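# Tertiary structure, described
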Amino acid sequence: MECFRESAESGYDVTQVEPSSEQRCVSTLKELSEAYVNRNRHGLEWFDSWGKIPSGLYYGNGYAIGNYEQCRRFSWKDVRGQHCTFMAAFPNEFSVFYSGLCVPQFCTQQVVQELYTKYMFSRGVRVLASSDRCYKDRELEFNGAVVAAM
């Protein structure tokens, strides 16, 4: 949550982000972050679905995936949740750490990754490259043959 508020304030000028879908993403992340800080229910619910630093890191527990279902069911105004998972490496003896975030469904994986990577790097943590990190509802399209078969 803090990563999106800080990144949106320092690294992203919403008026200069292109295309407009990225503008919408960044401004919505900022709104949700502010709602959390102000203790509004939708902000608390949104952040509650995130993974938090787990206990037992020194014992090898590097999973803070969060609540996938809670994120996917998150709904506020026209915002639905998509769950993104990132792998990160601490600069010391910890092994790989998995972190789950809930972001608006219209945010691209690239924007989320850029914001999160920038934030984690500022904290001395390196986000590792991987693909297919974000999961959201997909629009289903049926052609005439499929509709006829139904």
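These numbers come from a predicted model, not from an experiment.

### So, the state of the cysteines
Taken as a whole and assessed by the stated rule, the structure comprises 3 disulfides. Sulfur-sulfur distance for the disulfide between Cys25 and Cys107 comes to 2.1 Å. Where Cys25 bonds to Cys107 through sulfur, the torsion about that S-S bond is close to 105°, and the disulfide is right-handed. Of the two residues, Cys25 is situated in helix α2 (residues 20–37) and Cys107 in the loop between β4 (96–104) and α5 (109–122); the sequence distance between them amounts to 82 residues. Just as Cys25 is buried, Cys107 falls in that class too. Counting only the cysteines that take part in disulfides, in the order they occur along the protein chain, gives the pairing 1-5, 2-4, 3-6.

### Observations regarding unusual backbone geometry
With the exception of glycine, the majority of residues adopt a negative phi angle, and the majority of peptide bonds are in the trans configuration. Phi at Arg39 takes a positive value of approximately 65°, unusual for a residue other than glycine. Its location among the elements puts Arg39 in the loop between α2 and α3 (41–48). Exposure remark for Arg39: the relative accessible area of 52% places this residue in the exposed category. Positive phi outside glycine occurs at Lys77, with the angle close to 50°. Residue class for Lys77 comes out exposed when judged on its relative accessible area of 64%.

What counts, and at which threshold
Residues numbered from 1 in each chain as written. Predicted model: local features only at pLDDT ≥ 70, side-chain atom pairs only at ≥ 80, totals over all residues. Heavy atoms only, no water. Disulfide = S-S within 2.5 Å. Helix = DSSP H or I, 4+ residues; strand = E, 2+ residues; numbered from the N terminus. Buried < 20%, exposed > 50% of the residue type's maximum accessible area, 1.4 Å probe, protein only.

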